[in-house]
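Now for the letters of each chain:
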Amino acid sequence: QLQLVESGGGLVQPGGSLRLSCAASGFTLDYFAMGWFRQAPGKEREGVSCISSSGDGSTYYLDSVKGRFTISRDNAKKMVYLQMNSLKPEDTAVYYCAARGFDYCSADARVSYFGAWGQGTQVTVSS
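Residues numbered from 1 in each chain as written. Predicted model: local features only at pLDDT ≥ 70, side-chain atom pairs only at ≥ 80, totals over all residues. Heavy atoms only, no water.

### Let's talk about the packing of aromatic side chains
Alright, step 1. Inspection of the entire model under this criterion finds 5 aromatic pairs.
Alright, step 2. Pairwise contacts between aromatic rings join Phe 37, Phe 114 and Trp 117 into one cluster.
Alright, step 3. The ring of Tyr 96 has Arg 45 lying over it, and the distance from NZ or CZ to the ring centre is 3.7 Å. (Phe/Tyr/Trp six-rings, centres within 6.5 Å; stacked < 30°, edge-to-face > 60°. Lys NZ or Arg CZ within 6 Å of the ring centre and 35° of its normal.)

### Notes on the side chain of Glu 6
Alright, step 1. Tracing the backbone through its elements, the reader meets Glu 6 in strand β1 (residues 3-7).
Alright, step 2. Buried charged residue Glu 6 carries no salt bridge. Nearest counter-charge: Arg 45, at 7.4 Å.
Alright, step 3. A polar atom in the side chain of Glu 6 sits 2.7 Å from the backbone nitrogen of Cys 97.
Alright, step 4. Side-chain polar atoms of Glu 6 contact the backbone nitrogen of Gly 120, separated by 2.8 Å.
Alright, step 5. Setting aside residues up to four positions removed in sequence, Glu 6 forms contacts with Ser 21, Cys 22, Trp 36, Tyr 95, Tyr 96, Cys 97, Gly 118, Gln 119, Gly 120 and Thr 121. (Helix = DSSP H or I, 4+ residues; strand = E, 2+ residues; numbered from the N terminus. Buried < 20%, exposed > 50% of the residue type's maximum accessible area, 1.4 Å probe, protein only. Lys, Arg positive; Asp, Glu negative; His and termini not counted. Salt bridge = Lys/Arg side-chain N within 4 Å of Asp/Glu carboxyl O. Polar contact = N/O pair within 3.5 Å; in protein donor to acceptor, adjacent residues only side chain to side chain. Contact = heavy atoms within 4.5 Å.)

### Considering the sheet that holds strand β3 (residues 18-25)
Alright, step 1. As summarised here, the arrangement of the 4 strands in space is β1-β3-β8-β7, forming an open sheet in which the pairing is antiparallel. Of all the strands in the sheet, just β1 and β7 (69-74) have a single pairing partner and so form its edges. Sheet twist, expressed as the average angle between the axes of neighbouring strands with direction ignored, equals 15 degrees.
Alright, step 2. As paired elements, β7 and strand β8 (residues 79-84) share 6 bridges and run antiparallel to each other. Note that in β8 the partner of Thr 70 across the bridge is Gln 83. (Pairing = 2+ DSSP bridges. Axes fitted to C-alpha atoms, helices over the stretch in contact; angles between N-to-C directions.)

### Overview of the state of the cysteines
Alright, step 1. Evaluated as defined, the whole model comprises 2 disulfides.
Alright, step 2. Cys 22 shares a disulfide with Cys 97; S-S distance 2.1 Å. Taking the torsion about the S-S bond as the criterion, the Cys 22 to Cys 97 disulfide, at about -75 degrees, is left-handed. Within this pair, whereas Cys 22 is found in strand β3, its partner Cys 97 is found in strand β9 (residues 93-100), the two being separated by 75 residues in sequence.
Alright, step 3. For Cys 97, a relative accessible area of 0% puts it in the buried group.
Alright, step 4. Two residues, Cys 50 and Cys 105, share a disulfide whose sulfurs are 2.1 Å apart. Taking the sign of the torsion about the S-S bond as the criterion, the disulfide between Cys 50 and Cys 105, at about -85 degrees, is left-handed. You can see Cys 50 sitting in strand β5 (residues 46-51) and its partner Cys 105 sitting in the loop between β9 and β10 (116-117), a full 55 residues away along the chain.
Alright, step 5. Look at Cys 50 and you get buried, because its relative accessible area is 1%.
Alright, step 6. The exposure class assigned to Cys 105 is buried, which follows from its relative accessible area of 4%. (Disulfide = S-S within 2.5 Å.)

Printed below as a string of structure tokens:
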């Protein structure tokens, strides 16, 4: 049974930081590129970041988060992380972890490229 569970979301002030975690079970993480997506109210889900299966291949970052967010993974622990620094109100969204049935990332991260999804964790940047 494949399962992805996100955690680490919360309420932070602008300029603050959060570290999101994604715990995988039911499959070996070594063979899948992993991505983070987000969806704000009234907006479509968008790709935030992607990391190759080994962690040393291609990566992708949404232009608006480059230099602020960092994706990482630990395949032995079956964990994927998204370190978010210098958070802005426009980063407010539900953040989702996803797995792609391929070993490396494309030049972008599209919902249609990913077949397994977590339930999401809320990130709110306010005040």
